[in-house]
Structures are given as structure tokens and as C-alpha cells.
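Listed below, chain by chain, are the residues.
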Amino acid sequence: DQIVIQVVDVAPDNVERIAKQVSDILRQQHKLGDRPNDFDVRVPTSVTAEARGISRSVLLLLLGLAGVTALVAVTVVGVVFHQATRARRHEIGLRRAIGAQPSDILWQIWTESLLISLLGGIVGGGIGVAATWALGQWSAVPVLLDPLVLAIPCVLVLLTSLAGLFPARSAARLDPAQALRSTAA
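Residues numbered from 1 in each chain as written. Predicted model: local features only at pLDDT ≥ 70, side-chain atom pairs only at ≥ 80, totals over all residues. Heavy atoms only, no water.

I'd like a rundown of the side chain of Arg96, residues and numbers included.
Residue position: Arg96 is located in helix 3 (residues 89–97). Look at Arg96: it is buried, it has no salt bridge, and the nearest opposite charge is Asp175 at 6.5 Å. Among the polar contacts made by the side chain of Arg96, one reaches the main-chain carbonyl oxygen of Ala172 at a distance of 3.1 Å. Residues contacting Arg96, with those up to four places away along its chain left out, are Gln101, Pro102, Ile105, Ala172, Leu174 and Pro176. (Helix = DSSP H or I, 4+ residues; strand = E, 2+ residues; numbered from the N terminus. Buried < 20%, exposed > 50% of the residue type's maximum accessible area, 1.4 Å probe, protein only. Lys, Arg positive; Asp, Glu negative; His and termini not counted. Salt bridge = Lys/Arg side-chain N within 4 Å of Asp/Glu carboxyl O. Polar contact = N/O pair within 3.5 Å; in protein donor to acceptor, adjacent residues only side chain to side chain. Contact = heavy atoms within 4.5 Å.)

Account for a nonpolar patch on the surface, naming residues and giving values.
Taken together, the side chains of Ile54, Val58, Leu61, Leu62 and Leu65 make up a nonpolar region of the molecular surface, amounting to roughly 500 Å² of accessible area. Looking at the element boundaries, Leu62 is found in helix 2 (residues 44–87). By relative accessible area, Leu62 is classed as exposed at 51%. (Patch = residues over 30% accessible without salt bridge, like charges linked within 9 Å, V, L, I, M, F, W, Y side chains within 5 Å. Areas by Shrake-Rupley, 256 points an atom, 1.4 Å probe, with all protein chains shown as cover.)

Mind laying out the packing of helix 4 (residues 102–138) against helix 5 (residues 151–172), listing which residues take part and the relevant values?
It is at 8 Å that the axes of helix 4 and helix 5 come closest, and there the two elements cross at 155 degrees. Between helix 4 and helix 5, the crossing angle belongs to the class labelled roughly antiparallel. For the pair helix 4 and helix 5, the crossing hand works out as right-handed. On helix 5, the residues touching Pro102, Ile105, Leu106, Ile109, Trp110, Ser113, Leu114, Ser117, Leu118, Gly121 and Gly125 of helix 4 are Pro153, Val157, Thr160, Ser161, Leu162, Gly164, Leu165, Ala168, Arg169, Ala171 and Ala172. (Axes fitted to C-alpha atoms, helices over the stretch in contact; angles between N-to-C directions. Parallel < 35°, antiparallel > 145°, perpendicular 65-115°, else oblique. Left-handed = near helix turned anticlockwise from the far one by under 90°.)

And the structure:
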């Protein structure tokens, strides 16, 4: 169903001209006249352009999925830390009652959020790099690790640590007496 014509040692400028000549010869051989071609002539540049288009579509799809994943991760971290600070109201109230400043509470909870985010970024980035390396070992297609891709876990760490900042701020603003009273009841 296909005929491959390979022309070697041709200057890149001549490729389109040769493809046009091949197309003209095939039109004459198929006696097409004014009808459209019943064949397709492809040159490496068009195949490369098609491959780039497909790669770009896949990349956009993966970036969209990564964006949704990042949004979910940030939301989950924010909700988990909000629930954790609500569950620790008594501890926070007690610390405030014995003299802890709101900034102490804020830094403690935000540091916990940051450490969990860092751990997740390191583990996730490590798994990604290992998977890319493994794919390169077992694939006939060369696999390259773009250093820009390593910035993604860093951005996610920043976003998830910021998501932990909001519950930390609300915990730092707790009134000690009210926190102790609400948990004792």
C-alpha cells in the first residue's frame, strides 16, 4: 500500500522541489487530470512537523493533568492542615496560655507544612527521575530529562507550603481561653 522513495545527499532546499516533481510524475502515471490526488507524497519535514504537533498535543494534555493534580494537592494539604489545627486546638490554646506568641504557633504549623511539602516534593521528584531513567534504559527511543521539569516539584512544594500557611494563620489567631474552653466541653 505504500511506495517509499529515498533520495540521498540532497540539499534541504531541494527536498520540496523533488517532492513536487514526484507528485507531478505520479499524477501523470495515474492519469488524474483535474481530479484530486489519490496518493500522498510526504517529505521528512512534513513528518517532523506532524510528530511535533502530536508531541505538543500530548505535552499540553500532560500539563493540563499536572495542573489539575497540583490544584488537588494544594487543596488536600490545605484541608488536612486545617483539620489538624482544629484537632489541636487544645494544644494550641495551652501553648498560647503559657506564653507562646501567635508567631510561634504560625511558624510551628507552617514549618510542619513546609517539611511535609518538601518530603513530598523530594519523593515525587525522585520517583519521576527514576521512572525517566528506567524508561530510557528499556526504550529504544532516547529519553532526555529536561532540567526545567525538575522545577515542577519545586513549584508544587512552594504552593503546598503556602496552602499550609492559611491554617497556620488561623491557628495563630486563636484565643487561648476560648480554645481551652471549647475543647473541655
